[in-house]
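The chain contents come next:
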Amino acid sequence: MSKVKTICFVIGMILFLQKNYAQAQWPAIKQTTKPWTRWWWMGSAVDEKNLDKTLTAYSQAGFGGVEVTPIYGAIGFEKKYISFLSPEWMHMLGFTVTKANALGMGVDMNTGTGWPFGGPQVTKEDAASKLIIQTYLLEAGKNFDEKIILTDDKQLQAGAQLQAATAYGEKGEIISVLDKIDKTGKLNWIPPSGKWELYAGFSGKTLQMVKRAAPGGEGLVMNHLNKKAVDNYLKRFTDVFNGQAPGIRAFFNDSYEVYNANWSPDLLDEFKKRKNYDLSLCIKQLQNTDTTEKAIRVKSDYRETISQMLIDNMAVNWTSWAHKNNRITKYQAHGSPGNLLDLYAAADIPECEAYFGLSYFPIPGLRHDTADVVNPNSNPNIFKFASSAAHLYGKPLVSSETFVWLTDHFKTSFSQCKPEVERLFLGGINHVFYHGTTYSPEDIPFPGWQFYASTNFTPSNSLWPQLNGLNNYITLCQSVLQTGESDNELFIYWPVYDCWANPKGTDMQLTMHNANEWLTPTGFNKTVTQLQNTGYLLDYVSDKMLLQSQVSSGSIQIVSAAPAHKALIVPLCNLMPAETLGKIIKLAQDGAIVIFQGFPKDVPGLSDLAKGRSDLKKILASLTFRIPGEGTQEIKTGKGKIFLSNNLPTALQMAGINREELVDKGLQFIRRKINGGKYYYIVNHSPDAVNTLLPIQFAANTVTIMNPQTGSTGIAHSVKKNGVTKVQLQLQSGEAIILKASVNIEKGSTWKYTELTGNPIELKGEWNLHFATGGPQLPADKKMTTLQPWTMFSDDSTTQSFSGTAVYSTTFNLPQKNVSDYLLQLGKVYESAKVFINDKEIGILWSIPYEARIGKYMKQGENTIKIEVVNLMANRIRNMDMNKQEWRKYHEINFVNINYKGFDASNWKVQPSGLQGPVTITELK
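To keep things clear, this report deals only with the structure shown in the data block. (Residues numbered from 1 in each chain as written. Predicted model: local features only at pLDDT ≥ 70, side-chain atom pairs only at ≥ 80, totals over all residues. Heavy atoms only, no water.)

## Some remarks on the sheet that holds strand 14 (residues 431-438)
Next up, step 1: Strand order in this closed barrel of eight strands is 1-2-3-10-11-12-13-14, and the pairing throughout is parallel. Pairs of neighbouring strands in the sheet enclose a mean axial angle of 30 degrees, with direction left out of account.
Next up, step 2: The strands touched by helix 3 (residues 87-102) within the sheet are strand 1 (36-42), strand 2 (65-71) and strand 3 (106-110), with strand 3 carrying the most contacts at an inclination of about 150 degrees. (Pairing = 2+ DSSP bridges. Helix = DSSP H or I, 4+ residues; strand = E, 2+ residues; numbered from the N terminus. Axes fitted to C-alpha atoms, helices over the stretch in contact; angles between N-to-C directions. Contact = heavy atoms within 4.5 Å.)

Here it is, written out as structure tokens:
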């Protein structure tokens with residue numbers, strides 16, 4: 001596209017936004033309010049021409065930025081590969097930044113290739129480490145002739161070192177015999193009596209290589225727990241930058257995914273400093289088979305130490321390095337063997353990740369194909385670890401890896417994406433990153449280069465012409481969700497020590513995909529769900545965060561730049577450090593409201609156990625309660641109150657903290673605080689429509705309704721009384737709206753509520769169908785007297801394989817224009833539609849309920865309607881596989897389906913494509 005055309009396009013978009021959104025006073029549209037996308041560079045085989053063209057297309061589709069992640073390449077293009085961080089690679093990155101900035105876009109960069117961090121600069125000394133335990137049986141009076149050396153030759157070659165050798169006697173004796181073993185592995189010690197077990201602990205290497213590495217990024221995965229290893233890893237980047245970091249916004253770190261890395265050569269020393277006892281004497285307790293109380297306590301201390309090492313040596317260290325380069329960090333902490341809240345908090349932009357597969361939503365008409373994966377373990381509460389860390393430290397952005405393999409390839413529709421991204425918004429996310437798009441040169445035949453774990457909304461996707469419908473929706477939502485600050489009223493303590501008190505395994509990786517083990521079954525998760533369903537908003541808080549917190553005017557804050565919270569909820573938990581409990585009581589004494597569901601029963605770990613238990617007992621003994629109500633006890637302490645209650649809603653009501661009653665109608669919401677008012681983002685994922693007067697907990701003089709799907713706005717019908725405002729709300733199943741509640745008296749047009757005055761009039765008669773763009777070939781034009789998807793023309797094989805854009809058109813007569821407005825409803829659409837009435841564009845109807853107001857476009861007499869429908873890529877891919885056309889030729893994992901099996905679409909059913917209707921028009925009051 002020429003520079004002149006690009007400028008014209010930008011000016012046109014500005015005028016469009018001004019026309020549609022100025023009256024609404026939508027917050028300013030900027031880089032971060034638009035969705036960004038992870039951008040895979042396959043083999044880094046990029047060139048300036050295609051970078052320019054692709055970035056321009058991304059900008060026109062409504063993307064605000066890209067995150068460059070180099071990965072493995074396509075077979076046959078090896079000569080075009082560019083080595084990661086080479087001068088040529090840095091030139092291409094620089095070109096990308098310059099072009100993106102000219103388009104008003106931003107660029108982030110992975111601090112590596114593929115995932116996790118690793119590469120050619122990682123030596124075996126700095127590689128990810130693991131604990132290897134070998135056991136031996138010893139008897140009194142007998143020499144032990146077996147050498148205490150590793151039996152794994154690969155580990156010996158990797159330089160594994162014996163770090164612990166502890167003998168355990170029958171009578172409970174524990175003796176370190178490490179100094180009794182010579183360099184050859186010979187044990188120069190004989191037990192004095194009885195039978196003994198010798199546990200030898202070796203610091204070995206996982207030998208894991210970088211997954212999906214790009215050329216120049218291949219190598220061992222680094223030791224994330226060791227500062228020297230992390231520093232050495234980052235030195236490669238520092239040397240390449242040579243004091244001039246690239247003009248990117250942020251460095252990115254993907255989810256942990258470091259497997260079996262449960263050790264570090266310096267872990268024993270770090271453990272001794274932090275826990276004040278010798279872990280080498282407890283090496284037996286780290287075995288999977290030991291489930292004694294001592295083993296559980298040792299593992300808790302060990303897991304806490306690993307967590308602290310990961311935070312200090314990786315997360316904080318990496319962010320400090322980025323800041324020295326005048327850049328920020330975007331960090332996925334999930335999957336780490338550590339405290340997720342504290343890990344996320346170490347970054348400038350915490351980033352969560354959505355699940356594989358679709359979530360279930362009872363929205364009528366939303367497709368749930370039996371062939372698709374519906375994730376039974378999907379738990380949206382996990383998103384709040386990232387958002388809570390951001391909220392508690394005043395970080396304005398929380399990002400997400402979004403639309404991760406929702407369905408099998410080429411089957412994901414915009415309407416399926418919408419509720420998924422809305423769940424993220426409700427979880428506190430406000431900076432969406434698509435997962436993702438793949439760079440593909442212009443001359444690569446359909447479907448272009450494709451990454452195997454991606455929704456791949458790229459220019460080759462048949463949905464691409466209407467992608468800005470979804471993108472504009474996300475943009476308007478994020479413009480609100482990035483304004484002001486979070487308005488969650490409650491803290492809830494996350495009892496991580498209950499999580500760490502698990503006898504299974506050594507380190508505990510807290511991943512998105514095993515949340516049904518460490519999160520979903522817990523009392524904490526049940527309490528979070530109960531509070532949210534009751535109408536409260538909350539953030540999670542860690543022990544470290546609580547120890548940093550202060551009380552101001554009765555509310556709790558972690559840092560002064562962050563929002564304050566009205567109360568702290570302590571859910572049922574077994575274990576809590578006495579220091580944490582003491583701080584919680586101190587918060588209450590300073591004026592906070594604290595509500596316990598129950599008191600902790602013990603302290604965690606083995607370190608200073610007797611003192612910890614004594615301190616905990618003294619604190620609990622100091623609390624004496626009166627009983628003001630059934631199931632709830634209360635104590636006034638200092639300036640604040642402590643409640644002990646098995647009924648949290650009752651306790652919160654007694655504390656004067658009111659809930660939002662709109663949840664009683666099946667609605668979900670999140671709130672933002674702004675000067676002189678609040679924003680409410682409200683979603684209806686229930687199966688029922690809502691049309692009623694509902695209260696919000698804010699005394700507003702004006703409430704403006706803002707529709708992020710259309711950009712339309714208007715002053716709502718509302719009634720204020722006793723500090724509560726009742727607002728007339730209309731939401732169909734699957735719809736979302738935004739309320740701007742203001743203390744100011746604002747003027748503007750009245751919100752147009754939908755009130756049907758007659759029966760729907762179906763547009764019958766002859767419809768024309770014209771295939772405009774797509775492939776593998778354009779079917780012949782069709783005429784029909786009954787509206788139907790084009791895949792119903794089974795006698796024309798070209799309609800079964802076509803993916804692209806087809807245009808349905810007809811004329812209809814309006815004898816009299818009796819009312820000023822009409823509602824157009826398209827019925828069933830496969831998958832998205834751009835509608836024109838009398839050659840004037842109405843907009844893109846890309847999701848349920850596929851309807852729009854069209855009164856201002858209609859005229860008395862004959863009217864024309866034209867509906868451009870885009871379908872999925874699935875049918876064209878099916879046809880290619882049926883005809884054995886080769887299109888997937890990549891190194892590494894090549895291309896697999898959502899179950900990680902070889903991808904083959906030849907046995908797929910034809911996906912319905914086109915417009916099924918019925919298309920109706922109804923008069924509105």
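Structure shown, so let's carry the discussion forward.
## A closer look at the nonpolar core
Next up, step 1: Grouped together as the largest cluster of nonpolar side chains are 213 residues, with contacts concentrated most on Phe385 and Tyr681.
Next up, step 2: Broken down by element, the residue count for this core peaks at 11 residues, all from helix 7 (residues 293-324).
Next up, step 3: Not counting residues up to four positions away in its chain, the partners in contact with tyrosine 681 are Glu422, Phe425, Leu426, Tyr473, Cys477, Leu481, Gln668, Phe669, Ile670, Ala736, Ile737 and Ile738. (Core = buried A, V, L, I, M, F, W, Y, C linked by side-chain atoms within 4.5 Å. Buried < 20%, exposed > 50% of the residue type's maximum accessible area, 1.4 Å probe, protein only.)

## Examining helix 14 (residues 523-534)
Next up, step 1: The terminal C-alpha atoms of helix 14 lie 16 Å apart, and with 12 residues this matches the ideal 16 Å at 1.5 Å per residue to within 8%.
Next up, step 2: For helix 14, the set of buried residues is Phe524, Asn525, Thr527, Val528, Leu531 and Thr534.
Next up, step 3: In this fold, the buried residues of helix 14 make contact with helix 9 (384-392), strand 16 (490-493), strand 17 (538-541), strand 20 (567-570) and helix 18 (648-654). (Expected span 1.5 Å × (residues − 1).)

## Concerning the pattern of salt bridges
Next up, step 1: Enumeration over the complete set of coordinates arrives at 43 salt bridges.
Next up, step 2: One salt bridge in this structure joins aspartate 602 and arginine 297, with 2.7 Å as the shortest N-O distance. One end of the pair, aspartate 602, is in the loop between strand 21 (593-596) and helix 17 (609-621); the other, arginine 297, is in helix 7, with 305 residues separating them in the sequence. For the residue pair aspartate 602 and arginine 297, the accessibility class agrees, reading buried in each case.
Next up, step 3: Each member of the salt-bridge network shares a partner with another, and the members are Arg38, Glu67, Asp254, Lys330, Glu351 and Glu401. (Salt bridge = Lys/Arg side-chain N within 4 Å of Asp/Glu carboxyl O.)

## What about the side chain of serine 280?
Next up, step 1: Position of serine 280 among the secondary structure elements: in the loop between helix 6 (267-275) and helix 7.
Next up, step 2: On the basis of relative accessible area, serine 280 is assigned to the buried category, the value being 9%.
Next up, step 3: Other than its neighbours up to four places away in sequence, serine 280 contacts Ala164, Thr166, Tyr168 and Leu268.

## Considering the packing of aromatic side chains
Describing an aromatic ring pair means giving the distance of the ring centres and the angle of the ring planes.
Next up, step 1: For the coordinates displayed, the defined rule picks out 58 aromatic pairs.
Next up, step 2: Here tryptophan 39 and tryptophan 41 contribute two aromatic rings whose centre-to-centre distance is 5.9 Å and whose plane-to-plane angle is 80 degrees, an arrangement assigned as edge-to-face.
Next up, step 3: Note on phenylalanine 771 and phenylalanine 802: the rings are 5.1 Å apart at their centroids and 80 degrees apart in plane angle, and the pair reads as edge-to-face. Highlighted residues: phenylalanine 771 in strand 34 (residues 767-775) and phenylalanine 802 in the loop between helix 19 (797-801) and strand 36 (803-814), separated in sequence by 31 residues.
Next up, step 4: On the basis of relative accessible area, phenylalanine 771 is assigned to the buried category, the value being 2%.
Next up, step 5: Over the aromatic face of tryptophan 908 sits the side chain of lysine 411, whose NZ or CZ is 4.2 Å from the ring centroid.
Next up, step 6: Over the ring of phenylalanine 793 we find lysine 782; its NZ or CZ atom is 5.6 Å from the centre of that ring. (Phe/Tyr/Trp six-rings, centres within 6.5 Å; stacked < 30°, edge-to-face > 60°. Lys NZ or Arg CZ within 6 Å of the ring centre and 35° of its normal.)

## Focus on the packing of helix 6 against helix 7
Packed helices, taken two at a time, are described by the angle between their axes plus the distance between the axes.
Next up, step 1: Two elements in contact, helix 6 and helix 7, have axes whose closest approach is 10 Å; the angle formed by their N-to-C orientations is 105 degrees. In this view, helix 6 runs roughly perpendicular relative to helix 7, as classed from their interaxial angle. Side by side, helix 6 and helix 7 meet where Leu267, Glu270, Phe271, Arg274 and Lys275 of the first sit next to Asp301, Tyr302, Glu304, Thr305, Ile306, Gln308, Met309 and Asp312 of the second.
Next up, step 2: Grouping the constituent residues of the contact of helix 6 with helix 7 by class yields five nonpolar, two polar and six charged. (Parallel < 35°, antiparallel > 145°, perpendicular 65-115°, else oblique. Nonpolar A, V, L, I, M, F, W, Y, C, P; charged D, E, K, R; others polar.)

## So, the pairing of strand 12 (residues 349-353)
Next up, step 1: Counting buried residues in strand 12 gives five out of five residues, a clear majority hidden from the surface.
Next up, step 2: Burial along strand 12 is two-sided: the face carrying Ile349, Glu351 and Glu353 and the face carrying Pro350 and Cys352 are both buried.
Next up, step 3: In terms of strand pairing, strand 11 (residues 328-331) meets strand 12 through two bridges, oriented parallel. Looking at strand 12, one finds that lysine 330 is bridged to isoleucine 349.
Next up, step 4: Between the parallel elements strand 11 and strand 12, the chain passes through helix 8 (residues 340-345) in a crossover that is right-handed.
Next up, step 5: By the bridge criterion, three bridges tie strand 12 to strand 13 (residues 399-402) in an arrangement that is parallel. (Right-handed = clockwise from strand over helix to strand, strands pointing away.)

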